Structures are given as structure tokens and as C-alpha cells.
Amino acid sequence: QVQLVESGGGLVQPGGSLRLSCAASGTISGIYAMGWGRQAPGKQRELVAGITNTGSTAYADSVKGRFTISRDNAKNTVYLQMNNLKPEDTAVYYCNLQTSSSYWGQGTQVTVSS
């Protein structure tokens, strides 16, 4: 069983930056990928960014060029650096760990507002 705990969310003004962190704990056998998803009120879950064990990354078109995903395998932690935030980025952000099973964290609220 894997537990994921997100941190770093909060209130930020448009154009500002935040860095989200997600620490994984429990029995982790073979991490194939980690990533982030988000869900805004009235919208479906959107996959934002992913990163493989080898460091290959992929981003949703909506965040490409503004967000950067990275990982620290020694700490079982994944990060999401978010720059030039926009009001439409407001959502609950969820951490994902993909191994033989898929695990999701409890989520952290990101609100972009002036």
C-alpha cells in the first residue's frame, strides 16, 4: 500500500508561482512513473504532467511552457513547479504514483486570484 501526501498549495495572484511537492511512503516496488492531475469545479480530471523513471516528461497543452515536473527518487518525491499562474489553473491538484497499481493523493488546493 502506498500513501501520497501533497503540500505547497495555497492562494497566489495571477502571474505568480508555486511549487507543489508530493512525498510517497509505504511499500513501493518499482516506480514506473509519477505525475500530477487536477480537477476544477464542474470539470473532469485533467492529467497535467508526468515523469518516468528515466526522466522523460510530458505535459498537458494547457500548462506546457509554464509548469515543470521533476522527481527525487531518493526521497520518493515528485515536484511541480508552476510559473505564470492563471485563474484557470485554480483546481485541486492530485499526486499520482504509477507502478503495478495506480495511487492518488488526497489533493491540495491551488487558488489563483487577484
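Relevant structure appears above.
The structure displayed is predicted, hence computed values, not measured ones.

Participant: Break down the overall build of the protein chain for me, citing the residues and quoting the values.
Facilitator: Looking only at helices and strands, the protein chain features 0 helices and 11 strands. Over its C-alpha trace the protein chain gives a radius of gyration of 13 Å, about what one expects of a compact globule, namely 13 Å for 114 residues. The dimensions of the protein chain, computed from C-alpha atoms along their principal axes, are 45 × 25 × 25 Å. Put simply, of all contacts in the protein chain between residues at least 6 apart along the chain, 52% involve residues at least 24 apart. A total accessible area of about 6000 Å² is found for the protein chain, and carbon and sulfur atoms account for 47% of it. Here the protein chain carries 9 positive and 6 negative side-chain charges, and the mean point of each set is 2 Å from the other.

Participant: Residues and numbers for the state of the cysteines, please.
Facilitator: For the coordinates displayed, the defined rule picks out 1 disulfide. Disulfide pairing is shown between C22 and C95; the S-S distance is 2.1 Å. Sign of the S-S torsion, about -85° for the bond between C22 and C95, identifies this disulfide as left-handed. Of this pair, C22 sits in strand β3 (residues 18–26) while C95 is found in strand β9 (residues 91–98), placing the two residues 73 residues apart along the sequence. Just as C22 is buried, C95 falls in that class too.

Participant: Kindly report on the packing of aromatic side chains, identifying the contributing residues and their values.
Facilitator: Each pair of aromatic rings is reported with the distance of its centres and the angle of its planes. Scanning the entire structure with this criterion turns up 0 aromatic pairs. The ring centre of Y94 lies 4.2 Å from the NZ or CZ of R45, which sits over that ring. Stacked on the ring of W104, the Lys or Arg R45 has its end atom at 4.7 Å from the ring centre.

Participant: Please give an account of the side chain of R71 that cites residues and values.
Facilitator: Tracing the backbone through its elements, the reader meets R71 in strand β7 (residues 67–72). At 3.3 Å, the side chain of R71 forms a polar contact with the backbone oxygen of I51.

Participant: Explain the nonpolar core to me, and be specific about the residues and the numbers.
Facilitator: Formed by 28 residues in total, the largest nonpolar core has its most connected members in L4, W36, F67, V78, L80, M82 and Y93. Sorting the residues of this core by element identifies β1 (2–7), β3, β4 (33–39), β5 (46–52), β7, β8 (77–82), β9 and β11 (108–112) as the ones contributing at least two each. In contact with L80, not counting residues within four places along its chain, are L18, R19, L20, W36, V48, A49, F67, T68, I69 and Y93.

Participant: With reference to specific residues and values, describe the sheet that holds β1.
Facilitator: A sheet is described by the order of its strands in space; here 4 strands give the open sequence β1-β3-β8-β7, paired in antiparallel fashion. This sheet does not close on itself; its edge strands, each paired only once, are β1 and β7. Adjacent strand axes in the sheet meet at a mean angle of 15°, parallel and antiparallel pairs treated alike.

Participant: Summarise the side chain of S21; cite the residues concerned and give the values.
Facilitator: For S21, the position within the fold is in strand β3. You can call S21 buried: its relative accessible area is 16%. Residues in contact with S21, not counting those within four places in the same chain, are V5, E6, S7, W36, V78 and Y79.

Cut-off values and rules
- Residues numbered from 1 in each chain as written.
- Predicted model: local features only at pLDDT ≥ 70, side-chain atom pairs only at ≥ 80, totals over all residues.
- Heavy atoms only, no water.
- Helix = DSSP H or I, 4+ residues; strand = E, 2+ residues; numbered from the N terminus.
- Rg over C-alpha atoms; globule rule 2.2 N^0.38 Å.
- Contact = heavy atoms within 4.5 Å.
- Areas by Shrake-Rupley, 256 points an atom, 1.4 Å probe, with all protein chains shown as cover.
- Lys, Arg positive; Asp, Glu negative; His and termini not counted.
- Charge placed at Lys NZ, Arg CZ, Asp CG, Glu CD.
- Disulfide = S-S within 2.5 Å.
- Buried < 20%, exposed > 50% of the residue type's maximum accessible area, 1.4 Å probe, protein only.
- Phe/Tyr/Trp six-rings, centres within 6.5 Å; stacked < 30°, edge-to-face > 60°.
- Lys NZ or Arg CZ within 6 Å of the ring centre and 35° of its normal.
- Polar contact = N/O pair within 3.5 Å; in protein donor to acceptor, adjacent residues only side chain to side chain.
- Core = buried A, V, L, I, M, F, W, Y, C linked by side-chain atoms within 4.5 Å.
- Pairing = 2+ DSSP bridges.
- Axes fitted to C-alpha atoms, helices over the stretch in contact; angles between N-to-C directions.

In short, the description is geometric, and any link to function would need to be established separately.
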